[in-house]
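# A look at the structure
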Amino acid sequence: MAQYRGISTLTSGQMLAGRRVIDMSNEIGLLNPTAAPLTVLLKNTRKQETFSNKFEWIEDDTKTKWDKLNALYTIDDTTINVANRERFKIGDIVKNIVTKLAWRVDTSPTATGAGTVAVNGIDGFGETADIGGAVNDPLLIIGTAYQDAATYPGALNTTETTDFNYVQLFMTTVEVGQQTEMTKLYGAKAKAHLRNLKGIEHMSGIELAFWFGELEQQAADETPTNDVRGTRGVLEFLRANGQNSTVGTLTEAEFEKWLAKVFTYDSDTPRTVFASAIVMQALNAWGRDKIRLVPSDQTYGIQVSKYLSTLGDITIVPNHRTFEKDPDAAVTGYSGHAVALRLKDLAYKYLANGGDTKLIEDVKDDFYGTKDVYVTNCGLELKLVKMHGILDGVTGYI
C-alpha cells in the first residue's frame, strides 16, 4: 500500500523503475534515419564525449604553395610584389603560372602581408625568358634550390589555431491525455505512437541545427538566467571560410569542377555528398552507369549510393528532407544545395555524464495524463573547413 509523505520532492531512491530516465542515444536514430542522415551517421561513427558546454579543438595546416602577384612585374626587376610575404623563404623557386617565368628567392622576407620579395630578377631562374607579369597572376612555389655547402635555411612554420562550438540543449515533449491513452485505437497505442513521432521530430531538430545552426551564447529571458547556447552548423562553418560555390543551371562539368575543388587538399579520403532533390535528379540524368547503390543495412538504414569519379571516392546521400524550400514561398531556400563532407573531420559531441539523448518519463505537473520529454545535450565539431565544400543556387540541370 502506498504511503503518503505530504508535499515533497520525489527522490531517485523513491522513484518507480518505470519512471526512470531511459537511454535513447542509440535507439532514437533507428526510428526514421532518413529524417536525420547526418546526425545518424555521426552518432554511429563519430560520437564523442565533451566535459564542457563549450568544446574546443586545435587545427594546423601545411605550408601553402600558392600566392599571387600584388603589383606589376617588369622585365629585370629584382623584386616581386606578392600578397603574402610570410609564405616565402630564401631558396624557394617561384613560378608565375601565367607567363611560366620562375625566380629564386634571394632573401627571406622579414615582414608579413603584401610587399616585395627579393629574387634573382635578371633572366629569372631557368629556361623561360624574362617576361613581365600582371596583378593577380598566380604564383606557385615549386620547391627549393641551394648551392653546395649552403647554410641551412630557417624554417617556415604555420601557426596552430583554436576553434570551438557550443553544446545546445534540445527538448521535445510527448504529452498524452489519460482518456486518450485509455481509449482503444487501431494500430499502436496513442502514447507509443506519439513517442515514435516525437522521437523523429527530436532527431530532426538536431539535424537542422547541425546543418543551419548559428553560434550563440545569450542570457536567457527568464529566471534563473542560465545562458542559452546555440551550436554552429555545417553551412555557417563553411560559408564563413569561403567554401561555397554558386551555380544556376548545373552541368556535369560544373559538378566535376566543384568536386575537384573539394578534393584539392586531400584526394585519398572519401567524401560524403548530401544532395538536394534537384542535384539527385541531375546525377541520375547524367548517367546511371555512374551510380551504384549501397545496401542500407551497411549504412545504418540510410539509402546511399556511390558516385564513380576519377577525382576520388564519393558517397551520395539523398538529403531532400533537409535541403528543401518552403512550399508556400517563392524563394528556392536550400533546395539547390549539395554539401560534400570529409566525415572524419566531424564529430557528434555530447555532454558527459548522461548528456546524450534520453527519454525522461512522467514529468507532468498538474496534468491528467502522461508527459515524457526527449532531452539531448549535443553540438557539432567540424575541423579543417578546406576539406569540405558547398554547392548552392542550383535551379536546374542539363
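The structure displayed is predicted, hence computed values, not measured ones.

Spatial ordering of the open sheet is given by β4-β9-β6-β7, a layout of 4 strands whose pairing is antiparallel. Of all strands in the sheet, those bounded by a partner on one side alone are β4 (66-68) and β7 (102-104). Across this sheet, the average inter-strand angle for adjacent strands is 30°, counted without regard to direction. Pairing analysis gives 4 bridges linking strand β6 (residues 92-96) to strand β9 (residues 138-144), with the strands arranged antiparallel. When the sheet's bridge partners are listed, Asn 96 is paired in β9 with Leu 139.

A separate point is the sheet that holds strand β20 (residues 338-341). Note on sheets: strands pair through backbone hydrogen bonds, and any given pair is parallel or antiparallel. Read from one edge to the other, the open sheet built from 7 strands follows the order β14-β24-β20-β16-β19-β18-β17, with strand pairing classed as mixed. Looking at which strands have only one partner, the edges of the open sheet turn out to be β14 (244-246) and β17 (291-294). Each adjacent strand pair in this sheet contributes to an overall mean axis angle of 25°, direction not counted. Note: strand β16 (residues 271-275) against β20, 4 bridges, orientation antiparallel. Pairing of Val 273 across the sheet is with Ala 340, part of β20.

Here the focus is the nonpolar core. In a soluble, globular protein the nonpolar side chains are often hidden away together inside. If you look at the biggest cluster of nonpolar residues, it comprises 36 residues, and the most contacted ones within it are Leu 38, Trp 211, Val 234, Val 339 and Leu 341. Contributing elements (two or more residues each) for this core: α1 (37-45), β3 (54-59), α3 (190-212), α4 (234-239), β20, β21 (346-351) and β23 (369-382). In terms of residue count, α3 provides more of this core than any other element does, 6 residues in total. Grouped together as the second largest cluster of nonpolar side chains are 23 residues, Leu 259, Val 273, Ala 275 and Met 280 included.

Before going further, it helps to spend a moment on the layout of surface pockets. Counted as a void, the second largest pocket has a volume near 300 Å³. Residue lining of the second largest pocket: 18 residues in total, with Pro 270, Thr 272, Lys 306, Thr 315 and Leu 343 positioned closest to the centre. Every element with two or more residues in the lining of the second largest pocket is listed here: α1, β16, β18 (304-307) and β19 (314-318). Taken together, the residues of the lining of the second largest pocket sort by class into 7 nonpolar, 6 polar and 5 charged.

What follows concerns the packing of α1 against α3. Running from amino to carboxyl end, α1 crosses α3 at an angle of 95°, the nearest separation of the two axes being 8 Å. Here α1 lies roughly perpendicular to α3, going by the angle between them. Where α1 approaches α3, its residues Pro 37, Leu 38, Thr 39, Val 40, Leu 42 and Lys 43 are matched on the opposing element by Met 203, Ile 206, Glu 207, Phe 210 and Trp 211. When its residues are assigned to classes, the contact of α1 with α3 shows 8 nonpolar, 1 polar and 2 charged.

Taken as a whole and judged by the stated rule, the model has 13 aromatic pairs. Between the aromatic rings of Trp 57 and Phe 237, the centroid separation amounts to 6.1 Å while the plane-to-plane angle is 50°, which identifies the pairing as tilted. Here Phe 237 lies in helix α4 and Trp 57 lies in strand β3, a separation of 180 residues in the sequence. A relative accessible area of 4% places Trp 57 in the buried class. Among the aromatic residues, those joined into a ring-pair cluster are Trp 211, Phe 212, Phe 274, Phe 323 and Tyr 334.

We now examine the pattern of salt bridges. Overall, the coordinates contain 18 salt bridges when judged by the stated rule. One salt bridge connects Asp 92 with Lys 89, and the closest N-O pair in it is separated by 3.1 Å.

Residues Trp 66, Ile 97 and Val 98 make up a contiguous nonpolar surface patch of about 250 Å² in total accessible area. Tracing the sequence through the fold places Trp 66 in strand β4.

With that settled, consider unusual backbone geometry. Trans peptide bonds make up the majority, and among non-glycine residues the majority have a negative phi. Within the chain, Ala 149 stands out as a residue other than glycine whose phi angle is a positive 65°. Looking at where Ala 149 falls in the secondary structure, it is placed in the loop between β9 and β10 (161-166).

All right, on to the environment of Ile 206 then. Among the structural elements, Ile 206 can be located in helix α3. Take Ile 206: its relative accessible area is 0%, and that puts it in the buried class. Placed 170 residues apart in sequence, Ile 206 and Ala 36 show a C-alpha to C-alpha distance of 8.0 Å. Residue contacts for Ile 206: discarding those within four places in its chain leaves Thr 39, Phe 170, Thr 376 and Cys 378.

Criteria and cut-off values
- Residues numbered from 1 in each chain as written.
- Predicted model: local features only at pLDDT ≥ 70, side-chain atom pairs only at ≥ 80, totals over all residues.
- Heavy atoms only, no water.
- Pairing = 2+ DSSP bridges.
- Helix = DSSP H or I, 4+ residues; strand = E, 2+ residues; numbered from the N terminus.
- Axes fitted to C-alpha atoms, helices over the stretch in contact; angles between N-to-C directions.
- Core = buried A, V, L, I, M, F, W, Y, C linked by side-chain atoms within 4.5 Å.
- Buried < 20%, exposed > 50% of the residue type's maximum accessible area, 1.4 Å probe, protein only.
- 1 Å grid on protein atoms, 1.4 Å probe; cavity = no way out; pocket = protein on both sides within 12 Å on 5 of 7 lines; lining within 4 Å.
- Points joined across faces, edges and corners; volume = space filled by probe spheres on them.
- Nonpolar A, V, L, I, M, F, W, Y, C, P; charged D, E, K, R; others polar.
- Parallel < 35°, antiparallel > 145°, perpendicular 65-115°, else oblique.
- Contact = heavy atoms within 4.5 Å.
- Phe/Tyr/Trp six-rings, centres within 6.5 Å; stacked < 30°, edge-to-face > 60°.
- Salt bridge = Lys/Arg side-chain N within 4 Å of Asp/Glu carboxyl O.
- Patch = residues over 30% accessible without salt bridge, like charges linked within 9 Å, V, L, I, M, F, W, Y side chains within 5 Å.
- Areas by Shrake-Rupley, 256 points an atom, 1.4 Å probe, with all protein chains shown as cover.

The values reported here are purely geometric and, on their own, carry no functional implication.
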